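Residue-level structural notes
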Amino acid sequence: MKIPFDTQPPTTRPRLAFVLGSGGVRSIAAVGIAERLAREGIVPDLIVGCSSGALFGATIAMGMTSDEALRSATSLWSAELTQQRRWLAYAQLLAPKLAGFDADFALRDDRLIAQRISRAFGDRRLEELPIPLRVVATDAQSGDSVVLSRGPLVGALRASMAVPFIFPSVEFDGRRLVDGVISDPLPLGAARDAEAIVALGFIGAMPRRIDRPSRMVAQTSTTLINNLMQARLAAARANGQRVINIELGLARKVGLWETAAMPDMFDAGRRAAESRLPEIVALLARAPARNAA
């Protein structure tokens with residue numbers, strides 16, 4: 001699949017990239033991974049993320065401490081954000097022609113999301129972050145995966161989190177963009193220039209029973225996303241990318257918006273990095289130091 005970049009190729013190849021997939025509140029495990037690796041002097045040269053992975057990856061790219069990231073996360077990713085109803089949406093569903101149903105339809109208002117992200121990141125731009133960040137979104141018209149590495153950070157994050165039907169699409173650099181998970185739930189291809197990759201992906205849990213339309217839709221979408229993620233991982237390895245995919249091994253199901261679980265997810269990330277540390281050190285030992293591409 002074509003993955004357009006909106007910037008010129010980097011002059012140096014990243015030695016280590018973090019690639020962070022979509023996993024809701026579980027994605028904050030990336031902060032725990034980063035903290036544990038930093039204690040060994042291991043810091044990424046590049047971060048790639050989509051949806052919640054991009055959001056929490058941005059806290060790492062900003063250079064936030066783990067305490068700062070956890071404090072910000074409680075407002076950046078909470079169930080409250082999904083409860084801002086658009087009452088016109090119900091009329092648009094019942095009478096689409098009369099109420100003006102179009103490509104910008106959404107069940108929820110995203111203004112609170114925009115306010116929270118703006119409060120956390122201000123007017124920073126992607127190209128100005130201490131650690132380069134590539135945010136993956138999806139072109140709503142073509143379905144192509146789009147990698148954003150220049151421009152306003154807030155706009156890129158909003159686009160990567162804009163779940164179709166739930167939240168409105170976001171216009172970014174003349175394109176209408178939606179959630180990156182639709183086209184690439186684990187965007188390893190956006191880090192193909194990295195010498196080594198530590199990835200954090202999540203297999204979605206299937207509904208236990210199908211007793212309402214929303215659960216049937218969830219079953220179908222989860223199946224598609226899970227298979228796409230596994231295909232991306234297999235393709236990356238087949239293409240010679242050196243990837244360590246970290247799995248958290250959680251003892252229970254954690255809801256996408258279960259904010260109270262964030263400290264546990266952070267600790268799970270730290271433990272997972274600890275258990276894979278010898279492999280990560282060995283992988284980096286085989287990767288050349290940063291040099292001109």
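Note that the structure is a prediction, hence the values are computed from the model and not measured.

1. A closer look at helix 9 (residues 262-286)
Its 25 residues place the ends of helix 9 34 Å apart at the C-alpha level, agreeing with the 36 Å of an ideal helix rising 1.5 Å per residue. Of all the bends in helix 9, the greatest reaches close to 60° and is centred on Arg 276; the proline Pro 278 follows between one and four positions later. If you check which residues of helix 9 are buried, you get Met 262, Met 265, Phe 266, Ala 268, Gly 269, Ala 272, Ala 273, Leu 277, Ile 280, Leu 283 and Leu 284. Tucked inside the fold, the buried residues of helix 9 contact strand 1 (16-20), helix 1 (29-38), helix 2 (52-61), helix 3 (66-76), strand 7 (196-200) and strand 8 (243-246).

2. Considerations on the packing of helix 1 against helix 9
Describing two packed helices takes the angle between their axes plus the distance from one axis to the other. Following both chains from N to C, one finds helix 1 and helix 9 inclined at 45°, their axes separated by 7 Å at the closest point. When the axis of helix 1 is compared with that of helix 9, the two are oblique. Where helix 1 crosses over helix 9, the two elements pack in a sense that is right-handed. Listed contacts from helix 9 to Ala 29, Val 31, Gly 32, Ile 33, Glu 35, Arg 36 and Leu 37 of helix 1 are Met 265, Phe 266, Gly 269, Arg 270, Ala 273, Glu 274, Leu 277 and Ile 280. Of the residues in the contact of helix 1 with helix 9, the class split is nine nonpolar, two polar and four charged.

3. Some details on unusual backbone geometry
Comment: phi is negative for the bulk of residues other than glycine, and the bulk of peptide bonds are trans. A positive phi is found at Ser 51, a non-glycine position, where the angle reads about 55°. Looking at the element boundaries, Ser 51 is found in the loop between strand 2 (46-50) and helix 2. The class of Ser 51 is buried, set by a relative accessible area of 4%. A positive phi angle is found at Asp 173, which is not glycine, with a value near 55°. Structurally, Asp 173 is set in the loop between strand 5 (170-172) and strand 6 (175-179).

So, how was this worked out
- Residues numbered from 1 in each chain as written.
- Predicted model: local features only at pLDDT ≥ 70, side-chain atom pairs only at ≥ 80, totals over all residues.
- Heavy atoms only, no water.
- Helix = DSSP H or I, 4+ residues; strand = E, 2+ residues; numbered from the N terminus.
- Expected span 1.5 Å × (residues − 1).
- Bend = angle between axes of the 7 residues up to and from the residue.
- Buried < 20%, exposed > 50% of the residue type's maximum accessible area, 1.4 Å probe, protein only.
- Contact = heavy atoms within 4.5 Å.
- Axes fitted to C-alpha atoms, helices over the stretch in contact; angles between N-to-C directions.
- Parallel < 35°, antiparallel > 145°, perpendicular 65-115°, else oblique.
- Left-handed = near helix turned anticlockwise from the far one by under 90°.
- Nonpolar A, V, L, I, M, F, W, Y, C, P; charged D, E, K, R; others polar.

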